Amino acid sequence: VVLFDFWMPNWEPWKREVPNLVELYRSYGSRGFAIVGFNVAPGVPASPEFLRAYSVTWPQLSADSALMKKLGIFGEATSFLVDQNGRIVGRDLKGAELVDAVKRTLGVQ
């Protein structure tokens, strides 16, 4: 189960959600949950210090414009939760809604 997190360093809603992502990653990483981050801010790299300040330890990539276009992402931050079969089971889930979706997809109570 993977959360593909398309984010921007200066996006305040993402900054507010990061503690929830960190807790999910810590709690369910050993049970098959992963996060892959994609910085969608053109020309605004996320420094290792920035990521450490938010306790972000999962892999980070720069978003490729061709991939973003295929996914219908036009510069905004978004996320996709993908199940074990590669199906998108949620988009833009946050907070308790994301926690519930991850647990349900993993089959965890």
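Before reading further, recall that the structure is shown in the block above.
Residues numbered from 1 in each chain as written. Predicted model: local features only at pLDDT ≥ 70, side-chain atom pairs only at ≥ 80, totals over all residues. Heavy atoms only, no water.

Asker: Lay out helix H4 (residues 95-106) with the relevant residues and their values.
Answerer: The end-to-end C-alpha distance of H4 is 17 Å, a good match for the 16 Å that 12 residues give at a rise of 1.5 Å each. Residues of H4 that are buried sit in contact with strand E1 (2-7), helix H1 (12-28), strand E4 (78-82) and strand E5 (88-91). Two residues or fewer past H4, Gly107 is found with a positive phi of approximately 75°. (Helix = DSSP H or I, 4+ residues; strand = E, 2+ residues; numbered from the N terminus. Expected span 1.5 Å × (residues − 1). Contact = heavy atoms within 4.5 Å.)

Asker: Describe the packing of H1 against H4, listing the residues and the values that go with them.
Answerer: Relative orientation of the contacting elements H1 and H4 amounts to 20°, with a least axis distance of 10 Å. Classified by the interaxial angle, the pair formed by H1 and H4 is roughly parallel. In the crossing of H1 with H4, the sense of the turn from one axis to the other is right-handed. Of the residues in H4, those in contact with Glu17, Asn20, Leu21, Leu24 and Tyr28 of H1 are Gly95, Leu98, Val99, Val102, Lys103 and Leu106. Along the lines of polarity and charge, the residues of the contact of H1 with H4 split into 7 nonpolar, 2 polar and 2 charged. (Axes fitted to C-alpha atoms, helices over the stretch in contact; angles between N-to-C directions. Parallel < 35°, antiparallel > 145°, perpendicular 65-115°, else oblique. Left-handed = near helix turned anticlockwise from the far one by under 90°. Nonpolar A, V, L, I, M, F, W, Y, C, P; charged D, E, K, R; others polar.)

Asker: An account of the side chain of Thr78 is requested, with residue identities and associated values reported.
Answerer: Within the fold, Thr78 resides in strand E4. The exposure class of Thr78 is buried, given its relative accessible area of 3%. Reaching out from Thr78, the side chain makes a polar contact with the side chain of Arg91 at a distance of 3.0 Å. Once you skip the residues sitting within four places of it in the chain, Thr78 turns out to touch Phe4, Asp5, Phe6, Ile73, Arg91 and Asp92. (Buried < 20%, exposed > 50% of the residue type's maximum accessible area, 1.4 Å probe, protein only. Polar contact = N/O pair within 3.5 Å; in protein donor to acceptor, adjacent residues only side chain to side chain.)

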